[in-house]
Amino acid sequence: MSEGDLAIRDVNLEHFSAHAEREPTKIVARLRGNADQLVRDELQRIISELHTEATRLGVREAVLDVRDLYFMNSSCLSVIVRWITGQMKCAIESYRIRFTCNANLRWQKRSLQAMATLGGALVVID
Amino acid sequence: MGRTSIAHRLRLAFLVMSVLTLAVGALCISRMHELNQATAKIAGHHLAKVRLAQTGVRKVHENGRSALHLFLIRDPRTFDEELAEQGATSREISEIYAQFEHLLDADDERALFGAITAARARYRSTRAEAEEVLRTGDRQRALTKFEHEVLPALDEYIDDWDVLLELEGRRANEAAVNAATSYARARAVTLALTGIALVLGMGVAFFVTRLITRPILAISDAATRLQSGDLAARADVSSNDELGTLAAAFNSMSEAVAFRHERLAREMNLAQHIQTALLPRTFCVAGLDVTAAMNPATEVGGDYYDVLPVHDGCWIGIGDVAGHGLNAGLIMLMIQSSVAALVREDPDRTPRALVTTVNKVIFENLHERLVLDEHATMTLLRFHDDGFVAFAGAHEEVLVCRAETGRCEAIDTPGTWIGAIDDIAAMTSDSSLRLAQDDVMILFTDGVTEARNAEGVPFGIERLFGAIEGARGLAVETIRDRVLDAIAAWAPQPDDDVSLVVARYTGPVV
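Calculation criteria
- Residues numbered from 1 in each chain as written.
- Chains lettered and ligands numbered in written order.
- Predicted model: local features only at pLDDT ≥ 70, side-chain atom pairs only at ≥ 80, totals over all residues.
- Heavy atoms only, no water.
- Phe/Tyr/Trp six-rings, centres within 6.5 Å; stacked < 30°, edge-to-face > 60°.
- Helix = DSSP H or I, 4+ residues; strand = E, 2+ residues; numbered from the N terminus.
- Buried < 20%, exposed > 50% of the residue type's maximum accessible area, 1.4 Å probe, protein only.
- Polar contact = N/O pair within 3.5 Å; in protein donor to acceptor, adjacent residues only side chain to side chain.
- Contact = heavy atoms within 4.5 Å.
- Axes fitted to C-alpha atoms, helices over the stretch in contact; angles between N-to-C directions.
- Parallel < 35°, antiparallel > 145°, perpendicular 65-115°, else oblique.
- Left-handed = near helix turned anticlockwise from the far one by under 90°.
- Nonpolar A, V, L, I, M, F, W, Y, C, P; charged D, E, K, R; others polar.
- Domains from an automatic or database assignment.
- Expected span 1.5 Å × (residues − 1).
- Buried area = accessible area lost by both parts, 1.4 Å probe.
- Salt bridge = Lys/Arg side-chain N within 4 Å of Asp/Glu carboxyl O.

Caption draft 1: Quick look at the packing of aromatic side chains. Residue and element names in this part refer to chain B. The final tally for this structure, using the stated rule, is eight aromatic pairs over all chains. With centroids separated by 5.5 Å and ring planes inclined at 20 degrees, the aromatic side chains of phenylalanine 100 and phenylalanine 113 adopt a geometry described as stacked. Within this pair, whereas phenylalanine 100 is found in helix 2 (residues 76–103), its partner phenylalanine 113 is found in helix 3 (residues 107–135), the two being separated by 13 residues in sequence. Accessibility expressed as a relative area gives 0% for phenylalanine 100, which makes it buried. The exposure class of phenylalanine 113 is buried, given its relative accessible area of 4%. Plain terms: the ring middles of phenylalanine 383 and tyrosine 505 are 5.8 Å apart, the flat faces sit at 70 degrees to each other, and that makes the pair edge-to-face.

Caption draft 2: Representation of the side chain of A:Asp36. Looking at the secondary structure, you find A:Asp36 in the loop between strand 3 (26–35) and helix 1 (40–57). For A:Asp36, a relative accessible area of 12% corresponds to the buried category. At a separation of 3.3 Å, a polar atom in the side chain of A:Asp36 contacts the side chain of A:His15. Excluding residues that lie within four positions of it along the chain, A:Asp36 makes contacts with A:His15, A:Phe71, A:Asn73, A:Cys76 and B:Arg452.

Caption draft 3: Fine view of unusual backbone geometry. Residue B:Asp438 is not a glycine yet carries a positive backbone phi of 70 degrees. Inspection of the secondary structure puts B:Asp438 in the loop between strand 8 (431–434) and strand 9 (440–444).

Caption draft 4: Representation of the packing of helix 3 of chain B against helix 4 (residues 139–227) of chain B in the model. All names here are of chain B. Helix 4 packs onto helix 3 with a crossing angle of 165 degrees between their chain directions and a minimal axis gap of 8 Å. Accordingly, the angle class assigned to the pair helix 3 and helix 4 is roughly antiparallel. The two elements helix 3 and helix 4 meet at a crossing, and its hand is left-handed. Grouping the constituent residues of the contact of helix 3 with helix 4 by class yields 19 nonpolar, one polar and 14 charged.

Caption draft 5: A look at the domain arrangement of chain B. Segmentation of chain B into domains returns domain 1 (6–203) and domain 2 (280–505). For domain 1 of chain B versus domain 2 of chain B, the separation of C-alpha centres amounts to 121 Å.

Caption draft 6: Region of the structure containing helix 2 (residues 74–89) of chain A. Residue and element names in this part refer to chain A. The end-to-end C-alpha separation of helix 2 is 22 Å, in line with the 22 Å expected for 16 residues at 1.5 Å each. Across the 16 residues that make up helix 2, a large majority, 13, are buried. For helix 2, the N-terminal cap is asparagine 73; the gap from its side-chain oxygen to the backbone nitrogen of serine 75 is 3.2 Å.

Caption draft 7: Highlighting the environment of A:Ala116. Residue and element names in this part refer to chain A. Looking at the secondary structure, you find alanine 116 in helix 3 (residues 106–119). On a C-alpha basis, the gap between alanine 116 and valine 63 in space is 14 Å, while along the polypeptide they are 53 residues apart. If we ignore the near neighbours within four places in the chain, the residues touching alanine 116 are Val123 and Ile125.

Caption draft 8: Structural view of the interface of chain A and chain B. Across the contact, 21 residues belong to chain A and 23 residues belong to chain B. Interface area for chain A against chain B, summed over the two sides, is near 1,900 Å², with a carbon-plus-sulfur share of 51%. Put simply, chain A and chain B have seven salt bridges between them. A salt bridge links B:Glu374 to A:Arg82; the nearest nitrogen and oxygen atoms lie 3.1 Å apart. Summed over the shared surface of chain A and chain B, the number is nine residue pairs in polar contact (both at pLDDT 80 or more).

This is how it looks when you write it as structure tokens:
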């Protein structure tokens, strides 16, 4: 695989989709729809591939654009929390995790703030 | 049914089809070969006769011409040569006769050939007489005899040949017609045999296909029924082949699924029982009318609430373990036990201190003992009977419906979740609010605001405000029930537990 290729498979379900793109210093994964129990495994895969690719390509940031993600249940939230706590345990500093959020969505305001608090400098909320 | 494998059945079907095809093919080839031989024989036989007859007629004509020439020449030397030539022609004709006679196989042919032989004899006799006269030197009388006796005999002779030729031509035509009839019959037989082979082949193919597909459909049907929840679904296949083995394996699997499903259901019931049994049943807090309820979802959730009275008020806890199932129920049980034990030990510690200690306990249990990577939202509130409420820990907002305005306020619960990292002291702080008399405080889990209707629209915070504000003056139990009814009307089958704590501050305790 060349360095330019991004090994993050898209998700295109009826009520949830995900697509990742590489930008010069970061990888941006855009999540849309509703992340409920049915998409938990797909979300787990995307986050896992995002982590692998961010590490392989040595980008500065892994961005989760959740502006069009209207709902995330606690199981899916657990996937994100595990990602963050996993990165917090890493001895080597790698990439930051940035959330591009929508202030009008209540779950984001409530959960992402707690996530930023949990992650400290590792997590940035826009 | 005996031990006949599908592969064996297919091989057998293929063999039957092959044998049928080969039999039809061989029969057709044999029939065509016979037809070909018969046609060739008949055609060759008749053609030989016609050819001989034509040669005979030609020789007779030559002989006739030669005879005429004999009567016209005057040179004795030439006469002898012509006579010799005529004799040679007569011998050839005799050989043709012999050959022709050998080929005769019908009475009418023999009769006609007899007539020709007789005509030939007459012709030869008259010609010999005329030749005798010519040898005497009386040319004129010889010519007269030739004209009046030899030529009519020759005409009769040739006419008889023509009749035979016509007969042979007719026979050849009849042979051609017979060959065409035989070909048509052979073609009809071939078509009929092909049709029979086709029908038999289709029948065999249908029978074999049905033998294979019927059990597959039975297994598929049983699988569909099992998928739709019919745990008694079994595949009714008794054959002793691969499909029978598959059906037996499916039936064993169904039994195992039913057994595990039953066991899981029992465990779930137990877990749900534990979850609800641990919830407080009575609420007796000085200065606070408090009630609560939890409507569990189908699957065991991880909702937590508790009300722990202390000397000057109470501790109220609310939280939600991420995910569902036994693990979530178990973690909720650990949170409840830890909070209850720590409150008993020191009811006057700060909410922040309590939250961070509970986090340590839960984190250690999860990561070092259970090896689970889970987390939970949790806010602990310390209510004092003067209306002061201190709280810490991240969960949903605390709602307060003010008696003065009749409107709800949503108060953030800053901080982070418990169980995710070992120490959250740095990110946890105490916050506070003050309740005025008759203010109603509502705590809830995300199952309330995220209960989604058929279109996927969540119940949301605004509808929750509306339900609370609409019932604010009523008893706390009525407020609770009105809110729960509104949620149930919005989402009859919620995916998550719905938990609600409703507390009205009744004023300072004197």
